[in-house]
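Below are the chains, spelled out letter by letter.
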Amino acid sequence: MSAVEIYTDGACKGNPGPGGWGVLLKAGPTEKELFGGEKLTTNNRMELMAVIQALRALKRPCDVTLHVDSQYVLKGMTEWLPGWKAKGWRTAAGQPVKNVELWQALDELVHRAGHSIQWRWVRGHDGDPGNERADLLANRGVEVALGRRPAPM
């Protein structure tokens, strides 16, 4: 499998408010940037969308190192997901899981695409070059959502 390093980030101006997601994909010397946004969303939804869009961009099974600065995404994928699924997409407190449609889409991408994924947490806004680029891309996504920048092709 090809080795791919991915950095993702989400941004929201107000929570809820206009938001964006950004992705930096690196495979050897090749890099690809992705971004997009929504007019009314939350930061957590944009963090999830960034990971979903990153994995959707992969055309074949890959050995992925996925860097996120969101504890929500990291813990959701590495700790909480099995319990949510076992409880019919309910939390330990019995409440419906927030953003369930995004969690379900991400779960399907992770388990059906055949990727080997290593989840890595990186402190946001702390000088990590990949995370800083993903943050910049997420903010471009906010500009798309606000109509200040054309959507990428």
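How each quantity is defined
- Residues numbered from 1 in each chain as written.
- Predicted model: local features only at pLDDT ≥ 70, side-chain atom pairs only at ≥ 80, totals over all residues.
- Heavy atoms only, no water.
- Helix = DSSP H or I, 4+ residues; strand = E, 2+ residues; numbered from the N terminus.
- Rg over C-alpha atoms; globule rule 2.2 N^0.38 Å.
- Buried < 20%, exposed > 50% of the residue type's maximum accessible area, 1.4 Å probe, protein only.
- Contact = heavy atoms within 4.5 Å.
- Areas by Shrake-Rupley, 256 points an atom, 1.4 Å probe, with all protein chains shown as cover.
- Lys, Arg positive; Asp, Glu negative; His and termini not counted.
- Charge placed at Lys NZ, Arg CZ, Asp CG, Glu CD.
- Salt bridge = Lys/Arg side-chain N within 4 Å of Asp/Glu carboxyl O.
- Core = buried A, V, L, I, M, F, W, Y, C linked by side-chain atoms within 4.5 Å.
- Polar contact = N/O pair within 3.5 Å; in protein donor to acceptor, adjacent residues only side chain to side chain.
- Pairing = 2+ DSSP bridges.
- Axes fitted to C-alpha atoms, helices over the stretch in contact; angles between N-to-C directions.

Bringing the overall build of the protein into the picture now. For the protein, the count of helices and strands is four helices and five strands. The order of α-helices and β-strands along the protein, N terminus first, is β-β-β-α-β-α-α-β-α. For the protein, whose C-alpha radius of gyration is 15 Å, the value lies close to the compact-globule estimate of 15 Å for 153 residues. Based on the C-alpha atoms only, the size of the protein along its principal axes is roughly 40 × 40 × 30 Å. Across the 153 residues that make up the protein, the buried fraction comes to 44%. For the protein, restricting intrachain contacts to residue pairs at least 6 apart in sequence, the fraction spanning at least 24 positions comes to 65%. Of the roughly 8,000 Å² that the protein leaves accessible, carbon and sulfur atoms contribute 50%. If the 20 positive side-chain charges of the protein are averaged to one point and the 17 negative ones to another, these points end up 5 Å apart.

Here we come to the pattern of salt bridges. Within the structure shown, the criterion is met by six salt bridges. Here Glu-33 ties to Arg-133 by a salt bridge, and the two come within 2.8 Å at their closest N and O atoms. Of this pair, Glu-33 sits in strand S3 (residues 30–41) while Arg-133 sits in helix H4 (residues 129–145), placing them 100 residues apart in sequence. The class of Glu-33 is partly exposed, set by a relative accessible area of 38%.

To continue, consider unusual backbone geometry. Residue Pro-16 is reached from Asn-15 by a cis peptide bond, and omega for that bond is 15°. Mapped onto the elements, Pro-16 comes out in the loop between strand S1 (2–12) and strand S2 (17–27). One non-glycine residue, Trp-89, lies in the positive phi region at around 65°. With respect to the helices and strands, the residue Trp-89 is situated in the loop between helix H2 (71–86) and helix H3 (100–112).

What follows deals with the nonpolar core. Of all hydrophobic cores here, the largest spans 34 residues; its most connected members are Ile-6, Leu-55, Leu-66, Trp-103, Leu-106 and Trp-119. For this core, the secondary-structure elements that each account for two or more residues are S1, S2, helix H1 (43–57), strand S4 (62–68), H2, H3 and strand S5 (116–121). Broken down by element, the residue count for this core peaks at eight residues, all from H1. Dropping the residues within four chain positions of it, Leu-66 is found in contact with Ile-6, Thr-8, Val-51, Leu-55, Ile-117, Gln-118, Trp-119 and Arg-120.

Another aspect to go through is the side chain of His-115. Here His-115 is to be found in the loop between H3 and S5. A polar contact is formed between the side chain of His-115 and the backbone nitrogen of Cys-62, at a distance of 3.0 Å.

Reading across from one edge, S3-S2-S1-S4-S5 is the order of the five strands in this open sheet, with mixed pairing throughout. The outermost strands of the open sheet, each flanked by one partner alone, are S3 and S5. Averaged over all adjacent pairs, the angle separating strand axes in this sheet is 20°, with direction ignored. On top of the sheet, H2 reaches S4 and S5; it is set at about 140° to S5, its chief contact.

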